[in-house]
Amino acid sequence: MRRRLRVVAAAVLVYLGVAGLFVIAVGGLSRGEGGSSLFGPKVAIVELEGVIIDVDDLVRELKAHRENPSVRAVVLRINSPGGVVGPTQELYDAVRRLRDAGKPVVASLGAVAASGGYYVAVGCDEIYANRGTLTGSIGVIMQLANFEQLMKKVGVDYVVVKAGQFKDIGSPSRPMTPDERRVMQGLLDDVHGQFIDAVAAGRKLPREDVVRFADGRVFSGTQAKELHMIDVLGDLEDAVNAAAKRVNIPLPPAVIQPKRRFSIVDLLRSQFEGTALGLLLRPTVPAFRTPLYLMD
(Lines give C-alpha, C1' and ligand atoms only; values in the text may rest on other atoms or scores of the structure.)
Protein backbone atom coordinates (compact mmCIF):
# COMPACT_ATOMS: atom_id res chain seq x y z
CA MET A 1 0.00 0.00 0.00
CA ARG A 2 2.81 2.39 0.94
CA ARG A 3 4.62 1.55 -2.27
CA ARG A 4 1.51 2.37 -4.29
CA LEU A 5 1.13 5.70 -2.50
CA ARG A 6 4.75 6.54 -3.22
CA VAL A 7 4.26 5.76 -6.92
CA VAL A 8 1.12 7.92 -7.06
CA ALA A 9 2.87 10.76 -5.22
CA ALA A 10 5.85 10.57 -7.59
CA ALA A 11 3.52 10.60 -10.61
CA VAL A 12 1.69 13.66 -9.25
CA LEU A 13 4.99 15.47 -8.68
CA VAL A 14 6.15 14.67 -12.20
CA TYR A 15 2.83 15.89 -13.60
CA LEU A 16 3.03 19.15 -11.63
CA GLY A 17 6.62 19.64 -12.72
CA VAL A 18 5.78 19.15 -16.40
CA ALA A 19 2.76 21.47 -16.07
CA GLY A 20 4.93 24.10 -14.42
CA LEU A 21 7.53 23.91 -17.19
CA PHE A 22 4.77 24.22 -19.78
CA VAL A 23 3.36 27.34 -18.12
CA ILE A 24 6.85 28.89 -17.93
CA ALA A 25 7.53 28.07 -21.58
CA VAL A 26 4.22 29.52 -22.73
CA GLY A 27 4.82 32.58 -20.60
CA GLY A 28 8.21 33.09 -22.19
CA LEU A 29 6.74 32.85 -25.67
CA SER A 30 3.93 35.23 -24.86
CA ARG A 31 5.97 38.02 -23.31
CA GLY A 32 7.99 40.69 -24.94
CA GLU A 33 10.94 42.40 -23.35
CA GLY A 34 9.78 43.53 -19.94
CA GLY A 35 6.46 41.70 -20.29
CA SER A 36 5.16 40.70 -16.88
CA SER A 37 1.79 39.08 -17.38
CA LEU A 38 1.00 35.65 -18.74
CA PHE A 39 -2.77 35.97 -18.79
CA GLY A 40 -3.22 39.74 -18.99
CA PRO A 41 -3.80 41.92 -22.05
CA LYS A 42 -1.14 41.79 -24.75
CA VAL A 43 0.06 43.36 -27.97
CA ALA A 44 0.68 40.88 -30.81
CA ILE A 45 3.30 41.39 -33.51
CA VAL A 46 2.64 40.01 -37.00
CA GLU A 47 5.38 40.04 -39.65
CA LEU A 48 4.86 40.64 -43.36
CA GLU A 49 8.16 39.68 -44.99
CA GLY A 50 9.16 39.51 -48.65
CA VAL A 51 7.16 39.45 -51.87
CA ILE A 52 3.39 39.23 -51.32
CA ILE A 53 2.20 36.11 -53.12
CA ASP A 54 0.59 33.66 -50.66
CA VAL A 55 -0.97 35.32 -47.60
CA ASP A 56 -3.11 32.44 -46.27
CA ASP A 57 -0.92 31.94 -43.17
CA LEU A 58 -0.87 35.66 -42.39
CA VAL A 59 -4.64 35.97 -42.78
CA ARG A 60 -5.11 33.01 -40.40
CA GLU A 61 -2.70 34.59 -37.92
CA LEU A 62 -4.60 37.87 -37.97
CA LYS A 63 -7.89 36.01 -37.53
CA ALA A 64 -6.49 34.13 -34.53
CA HIS A 65 -5.49 37.41 -32.89
CA ARG A 66 -8.91 38.83 -33.70
CA GLU A 67 -10.57 35.97 -31.83
CA ASN A 68 -8.10 35.90 -28.93
CA PRO A 69 -9.53 38.01 -26.06
CA SER A 70 -6.09 38.52 -24.48
CA VAL A 71 -4.84 40.29 -27.63
CA ARG A 72 -5.94 43.90 -27.37
CA ALA A 73 -3.88 45.41 -30.21
CA VAL A 74 -1.68 44.28 -33.10
CA VAL A 75 1.51 45.67 -34.62
CA LEU A 76 2.05 44.75 -38.27
CA ARG A 77 5.77 44.77 -39.03
CA ILE A 78 6.22 45.21 -42.79
CA ASN A 79 9.35 44.46 -44.81
CA SER A 80 8.02 43.98 -48.32
CA PRO A 81 8.60 45.49 -51.79
CA GLY A 82 5.06 44.58 -52.85
CA GLY A 83 3.60 41.67 -54.76
CA VAL A 84 0.51 40.37 -56.49
CA VAL A 85 -2.58 42.57 -56.25
CA GLY A 86 -5.18 39.98 -55.16
CA PRO A 87 -3.27 38.63 -52.12
CA THR A 88 -2.28 42.19 -51.17
CA GLN A 89 -5.94 43.19 -51.04
CA GLU A 90 -6.82 40.04 -49.07
CA LEU A 91 -4.29 41.03 -46.44
CA TYR A 92 -5.56 44.61 -46.43
CA ASP A 93 -9.11 43.33 -45.85
CA ALA A 94 -7.92 41.07 -43.01
CA VAL A 95 -6.38 44.12 -41.31
CA ARG A 96 -9.62 46.05 -41.72
CA ARG A 97 -11.62 43.19 -40.19
CA LEU A 98 -9.28 43.23 -37.20
CA ARG A 99 -9.92 46.94 -36.74
CA ASP A 100 -13.66 46.45 -37.16
CA ALA A 101 -13.49 43.95 -34.28
CA GLY A 102 -12.29 46.79 -32.05
CA LYS A 103 -8.58 45.95 -32.03
CA PRO A 104 -6.22 48.74 -33.12
CA VAL A 105 -3.55 47.88 -35.69
CA VAL A 106 -0.32 49.89 -35.89
CA ALA A 107 2.00 49.45 -38.88
CA SER A 108 5.76 49.47 -38.36
CA LEU A 109 7.64 49.90 -41.64
CA GLY A 110 11.09 48.33 -41.72
CA ALA A 111 13.70 48.60 -44.47
CA VAL A 112 11.17 48.55 -47.32
CA ALA A 113 7.40 48.87 -47.30
CA ALA A 114 6.69 49.85 -50.87
CA SER A 115 3.85 49.35 -53.30
CA GLY A 116 1.81 46.39 -52.00
CA GLY A 117 3.61 46.67 -48.66
CA TYR A 118 2.42 50.25 -48.34
CA TYR A 119 -1.07 49.25 -49.58
CA VAL A 120 -1.41 46.94 -46.55
CA ALA A 121 -0.03 49.62 -44.21
CA VAL A 122 -2.72 52.16 -45.10
CA GLY A 123 -5.30 49.72 -43.75
CA CYS A 124 -3.88 50.27 -40.25
CA ASP A 125 -4.87 52.86 -37.64
CA GLU A 126 -1.40 54.41 -37.54
CA ILE A 127 1.85 54.07 -39.49
CA TYR A 128 5.36 54.27 -38.00
CA ALA A 129 8.46 54.32 -40.23
CA ASN A 130 12.18 54.84 -39.86
CA ARG A 131 13.71 57.95 -41.38
CA GLY A 132 15.38 55.88 -44.10
CA THR A 133 12.54 53.45 -44.76
CA LEU A 134 11.77 53.11 -48.47
CA THR A 135 8.04 53.38 -48.99
CA GLY A 136 5.42 54.62 -51.43
CA SER A 137 5.79 53.28 -54.99
CA ILE A 138 2.06 53.70 -55.51
CA GLY A 139 1.69 52.15 -58.92
CA VAL A 140 0.94 48.96 -60.81
CA ILE A 141 3.15 47.19 -63.31
CA MET A 142 2.84 44.23 -65.66
CA GLN A 143 5.90 42.81 -67.36
CA LEU A 144 5.47 40.45 -70.31
CA ALA A 145 8.21 38.84 -72.37
CA ASN A 146 8.28 38.63 -76.17
CA PHE A 147 10.28 35.64 -77.44
CA GLU A 148 9.23 35.99 -81.08
CA GLN A 149 12.70 36.73 -82.51
CA LEU A 150 14.36 34.06 -80.37
CA MET A 151 11.79 31.46 -81.43
CA LYS A 152 12.37 32.28 -85.09
CA LYS A 153 16.13 31.78 -84.66
CA VAL A 154 15.71 28.32 -83.15
CA GLY A 155 12.97 27.33 -85.60
CA VAL A 156 10.05 27.17 -83.20
CA ASP A 157 6.58 27.86 -84.60
CA TYR A 158 4.06 28.82 -81.92
CA VAL A 159 0.52 27.76 -82.87
CA VAL A 160 -2.51 29.14 -81.00
CA VAL A 161 -6.13 28.05 -81.42
CA LYS A 162 -8.51 30.33 -79.54
CA ALA A 163 -12.12 31.39 -79.19
CA GLY A 164 -12.22 35.01 -78.10
CA GLN A 165 -10.19 37.88 -79.50
CA PHE A 166 -8.17 38.51 -76.35
CA LYS A 167 -7.85 34.95 -75.03
CA ASP A 168 -4.08 34.82 -75.71
CA ILE A 169 -3.41 38.40 -74.66
CA GLY A 170 0.17 38.75 -73.49
CA SER A 171 1.39 35.81 -75.55
CA PRO A 172 5.23 35.65 -75.58
CA SER A 173 5.24 34.45 -79.19
CA ARG A 174 4.24 37.74 -80.84
CA PRO A 175 4.10 41.51 -80.26
CA MET A 176 1.11 42.97 -78.45
CA THR A 177 -1.50 44.56 -80.73
CA PRO A 178 -2.77 48.12 -80.12
CA ASP A 179 -6.17 46.76 -79.02
CA GLU A 180 -4.51 44.39 -76.57
CA ARG A 181 -2.39 47.18 -75.16
CA ARG A 182 -5.53 49.28 -74.70
CA VAL A 183 -7.21 46.45 -72.77
CA MET A 184 -4.19 45.86 -70.54
CA GLN A 185 -3.73 49.58 -69.89
CA GLY A 186 -7.37 49.84 -68.86
CA LEU A 187 -6.86 46.94 -66.43
CA LEU A 188 -3.80 48.52 -64.84
CA ASP A 189 -5.44 51.95 -64.65
CA ASP A 190 -8.39 50.40 -62.81
CA VAL A 191 -6.16 48.67 -60.25
CA HIS A 192 -4.08 51.83 -59.87
CA GLY A 193 -7.28 53.72 -59.12
CA GLN A 194 -8.16 51.14 -56.43
CA PHE A 195 -4.73 51.69 -54.89
CA ILE A 196 -5.18 55.47 -54.87
CA ASP A 197 -8.65 55.12 -53.31
CA ALA A 198 -7.26 52.86 -50.55
CA VAL A 199 -4.50 55.37 -49.73
CA ALA A 200 -6.90 58.32 -49.74
CA ALA A 201 -9.34 56.52 -47.45
CA GLY A 202 -6.72 55.06 -45.12
CA ARG A 203 -4.71 58.26 -44.76
CA LYS A 204 -7.78 60.53 -44.80
CA LEU A 205 -6.35 62.58 -47.64
CA PRO A 206 -8.12 64.22 -50.58
CA ARG A 207 -7.87 61.93 -53.59
CA GLU A 208 -6.35 64.68 -55.72
CA ASP A 209 -3.51 65.06 -53.19
CA VAL A 210 -2.75 61.32 -53.40
CA VAL A 211 -2.78 61.42 -57.21
CA ARG A 212 0.09 63.95 -57.13
CA PHE A 213 2.51 61.45 -55.57
CA ALA A 214 0.92 58.19 -56.79
CA ASP A 215 3.18 57.93 -59.84
CA GLY A 216 5.33 55.01 -58.72
CA ARG A 217 7.96 57.10 -56.92
CA VAL A 218 9.67 55.73 -53.81
CA PHE A 219 10.01 57.99 -50.76
CA SER A 220 12.12 57.92 -47.63
CA GLY A 221 10.38 57.83 -44.28
CA THR A 222 11.14 61.51 -43.78
CA GLN A 223 9.66 62.45 -47.16
CA ALA A 224 6.61 60.25 -46.52
CA LYS A 225 6.02 62.03 -43.21
CA GLU A 226 5.97 65.40 -44.97
CA LEU A 227 3.38 64.07 -47.44
CA HIS A 228 1.25 62.62 -44.58
CA MET A 229 1.78 59.12 -46.00
CA ILE A 230 2.86 58.01 -42.50
CA ASP A 231 2.13 59.33 -39.03
CA VAL A 232 5.28 59.05 -36.92
CA LEU A 233 9.01 58.53 -37.42
CA GLY A 234 9.89 55.68 -35.09
CA ASP A 235 11.00 52.06 -34.81
CA LEU A 236 9.27 48.81 -33.89
CA GLU A 237 9.47 49.46 -30.14
CA ASP A 238 7.82 52.83 -30.62
CA ALA A 239 5.02 51.19 -32.62
CA VAL A 240 4.48 48.51 -29.94
CA ASN A 241 4.28 51.14 -27.20
CA ALA A 242 1.87 53.22 -29.30
CA ALA A 243 -0.39 50.20 -29.79
CA ALA A 244 -0.34 49.52 -26.04
CA LYS A 245 -1.26 53.12 -25.24
CA ARG A 246 -4.24 52.90 -27.57
CA VAL A 247 -5.76 50.17 -25.37
CA ASN A 248 -4.43 51.43 -22.01
CA ILE A 249 -1.91 48.62 -21.44
CA PRO A 250 0.89 49.66 -19.04
CA LEU A 251 4.34 50.04 -20.59
CA PRO A 252 6.29 48.00 -21.39
CA PRO A 253 3.44 45.76 -22.61
CA ALA A 254 3.38 41.98 -22.70
CA VAL A 255 3.96 40.99 -26.33
CA ILE A 256 3.06 37.94 -28.40
CA GLN A 257 5.99 37.54 -30.75
CA PRO A 258 5.41 36.79 -34.46
CA LYS A 259 5.24 33.21 -35.63
CA ARG A 260 8.51 31.90 -37.02
CA ARG A 261 8.02 29.79 -40.11
CA PHE A 262 10.95 27.45 -40.70
CA SER A 263 11.94 27.05 -44.32
CA ILE A 264 14.79 24.99 -45.77
CA VAL A 265 14.94 27.43 -48.71
CA ASP A 266 15.31 30.41 -46.36
CA LEU A 267 18.06 28.61 -44.47
CA LEU A 268 19.96 27.85 -47.67
CA ARG A 269 19.40 31.39 -48.94
CA SER A 270 20.95 32.85 -45.78
CA GLN A 271 23.92 30.50 -46.02
CA PHE A 272 24.65 31.27 -49.68
CA GLU A 273 23.79 35.00 -49.66
CA GLY A 274 25.73 36.86 -52.34
CA THR A 275 26.55 33.77 -54.39
CA ALA A 276 25.09 32.49 -57.65
CA LEU A 277 23.14 29.83 -55.72
CA GLY A 278 21.79 32.51 -53.41
CA LEU A 279 20.46 34.46 -56.40
CA LEU A 280 18.71 31.34 -57.70
CA LEU A 281 17.05 30.83 -54.32
CA ARG A 282 15.66 34.37 -54.15
CA PRO A 283 11.84 34.50 -54.09
CA THR A 284 10.36 35.43 -57.44
CA VAL A 285 6.91 35.88 -58.90
CA PRO A 286 5.98 33.39 -61.64
CA ALA A 287 5.73 36.11 -64.28
CA PHE A 288 5.67 33.80 -67.30
CA ARG A 289 3.09 31.33 -66.03
CA THR A 290 0.25 33.82 -66.40
CA PRO A 291 0.08 37.60 -66.86
CA LEU A 292 0.19 39.03 -63.34
CA TYR A 293 -0.26 42.68 -62.58
CA LEU A 294 2.06 43.50 -59.73
CA MET A 295 2.62 46.05 -57.02
CA ASP A 296 6.37 45.67 -57.02
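Here's a quick rundown of the structure. No experiment lies behind these values; they were computed from the predicted model shown. (Residues numbered from 1 in each chain as written. Predicted model: local features only at pLDDT ≥ 70, side-chain atom pairs only at ≥ 80, totals over all residues. Heavy atoms only, no water.)

**Remarks on the overall build of the chain**
Put simply, the test is: Per the convention used, a helix needs a DSSP run of H or I reaching at least four residues, while a strand needs a run of E reaching at least two, with both numbered from the N terminus. Each residue is assigned to one of three classes by its accessible area relative to the maximum for its type, calculated with a 1.4 Å probe on protein chains only: buried under 20%, partly exposed between the two thresholds, exposed over 50%. We call two residues in contact whenever any of their non-hydrogen atoms come within 4.5 Å of each other.
Of the regular secondary structure elements, the chain holds 11 helices and 10 strands. Looking at the chain as a whole, 41% of its 296 residues are labelled buried. Considering only contacts in the chain between residues 6 or more positions apart, those separated by 24 or more positions represent 73%.

**Digging into the pairing of strand S5 (residues 126-129)**
Along a regular strand, successive side chains alternate from one face of the sheet to the other. Stated formally: We call two strands paired when DSSP finds no fewer than two bridges between them. Assignment of crossover handedness uses the view with strands pointing away from the viewer, where a clockwise path from the first strand over the helix to the second indicates a right-handed crossover.
Side chains Glu 126 and Tyr 128 project from S5 onto one buried face, and the interleaved Ile 127 and Ala 129 project onto a second face that is buried too. Bridge analysis of strand S4 (residues 105-114) against S5 gives 4 bridges, and the strand direction is parallel. Its bridge partner lying in S5, Ser 108 is registered against Tyr 128. A crossover links S4 with its parallel partner S5, the connecting element being helix H4 (residues 116-121), and its sense is right-handed. As paired elements, S5 and strand S8 (residues 232-233) share 2 bridges and run parallel to each other. Each residue of the ladder has a partner; that of Ala 129, found in S8, is Leu 233.

**Describing the packing of helix H2 (residues 56-67) against helix H3 (residues 85-100)**
Each pair of packed helices gets described by two things: the angle between the helix axes and the distance between those axes. Keep this limit in mind: Think of each axis as a best-fit line through the C-alpha atoms, taken over the contacting stretch in the case of a helix, with angles from 0 to 180 degrees between the N-to-C directions. Note on terminology: angles under 35 degrees are roughly parallel, angles over 145 are roughly antiparallel, angles of 65 to 115 are roughly perpendicular, and the others are oblique. Each residue gets one label: Ala, Val, Leu, Ile, Met, Phe, Trp, Tyr, Cys and Pro are nonpolar, Asp, Glu, Lys and Arg are charged, and the others, such as Gly, are polar.
Running from N to C, H2 and H3 point in directions that differ by 0°, and their axes come no closer than 10 Å. As far as their axial angle goes, H3 and H2 are roughly parallel. In this structure, H2 contributes Asp 56, Leu 58, Val 59, Leu 62, His 65 and Arg 66 to the contact, and H3 contributes Glu 90, Leu 91, Ala 94, Val 95, Arg 97 and Leu 98. Within the contact of H2 with H3, the residues separate by chemical class into 7 nonpolar, 1 polar and 4 charged.

**Regarding unusual backbone geometry**
A cis amide bond links Leu 251 with the next residue in sequence, Pro 252, at an omega value of -5°. On the secondary structure map, Pro 252 appears in the loop between helix H9 (236-246) and strand S9 (254-256). Positive phi, normally seen in glycine, also occurs at Lys 204, with a value near 55°. The residue Lys 204 is located in the loop between helix H6 (178-203) and helix H7 (207-213) in this model. Positive phi values are uncommon outside glycine, yet His 228 reaches one of about 65°.

**A closer look at a negative patch on the surface**
Stated precisely, the cut-off is as follows: The patches reported here contain residues having more than 30% relative accessible area and no salt bridge. Joining distances are 9 Å for like charges and 5 Å for nonpolar side chains (Val, Leu, Ile, Met, Phe, Trp, Tyr). Residue exposure ignores everything except the shown protein chains as possible cover, and the areas themselves are Shrake-Rupley values with a 1.4 Å probe. In the sections that follow, a salt bridge refers to a side-chain nitrogen of Lys or Arg positioned within 4 Å of a carboxyl oxygen of Asp or Glu. Counted as positive: Lys and Arg. Counted as negative: Asp and Glu, with His and the chain ends omitted from the count. Charge positions come from single atoms, namely NZ of Lys, CZ of Arg, CG of Asp or CD of Glu.
Together, Asp 54, Asp 56, Glu 90 and Asp 93 give the surface a local cluster of negative charge. Along the chain, the position of Glu 90 falls in helix H3. Owing to a relative accessible area of 43%, Glu 90 belongs among the partly exposed residues under this scheme.

**Some details on H2**
Formally: Helix span, as expected, comes to 1.5 Å for every residue beyond the first. Our arc is simply the arc of the directions from the helix axis toward the C-beta atoms.
Between its terminal C-alpha atoms H2 stretches 17 Å, which fits the 16 Å expected from 12 residues at 1.5 Å a residue. Along H2, the residues that are buried comprise Leu 58, Val 59, Glu 61, Leu 62 and His 65. Along H2, the residues classed as buried sweep out an arc of 160° about the axis, all on the same side. Among the exposed residues of H2, those pointing more than 90 degrees away from its buried face are Arg 60 and Glu 67. Looking at the buried positions of H2, the neighbouring elements they touch are strand S1 (42-49), strand S2 (71-80), H3 and S9.

**A look at the nonpolar core**
Using the following cut-off: Among buried residues, the Ala, Val, Leu, Ile, Met, Phe, Trp, Tyr and Cys ones that are joined through side-chain atoms within 4.5 Å form a nonpolar core.
Residues Leu 109 and Tyr 118 are the most contacted members of the largest nonpolar core, which totals 44 residues. Beyond its immediate sequence surroundings of up to four residues, Leu 109 is in contact with Arg 77, Ile 78, Ala 121, Ile 127, Tyr 128, Ala 129, Asn 130, Thr 133, Thr 135 and Ile 230. Counting residues in hydrophobic clusters, the runner-up holds 13 residues, among them Ile 45, Val 75, Ala 239 and Ile 249.

**Side note on the packing of aromatic side chains**
Using the following cut-off: Side-chain rings of Phe, Tyr and Trp, where Trp is taken by its six-membered ring, are said to pair if the distance between their centres is within 6.5 Å; with planes under 30 degrees apart they count as stacked, over 60 as edge-to-face, and otherwise as tilted.
Summed over the entire model, instances satisfying the criterion amount to 3 aromatic pairs. Ring geometry for Tyr 119 versus Phe 195: centroids 4.8 Å apart, planes at 40°, classification tilted. Here Tyr 119, found in helix H4, pairs with Phe 195, found in helix H6; they are 76 residues apart in sequence, far enough to count as distant. Each member of the pair, Tyr 119 together with Phe 195, is buried. Both rings, one in Phe 213 and one in Phe 219, keep their centres 6.2 Å apart while their planes meet at 90°; by these two values the pair is edge-to-face. Overall, the relative accessible area of 5% leaves Phe 213 in the buried class. Overall, Phe 219 belongs to the buried group, its relative accessible area being 6%. One aromatic cluster in this structure is built from Tyr 92, Tyr 119 and Phe 195.

**Here's the deal with the pairing of S1**
Judged by how many residues are buried, S1 sits mostly within the fold: 6 of 8 residues are covered. Relative to S2, S1 runs parallel, the two being bridged by 8 bridges. In the sheet register, Ile 45 faces S2, and the bridge partner there is Val 75. In this structure, S1 lies alongside S9, joined through 3 bridges in parallel fashion.

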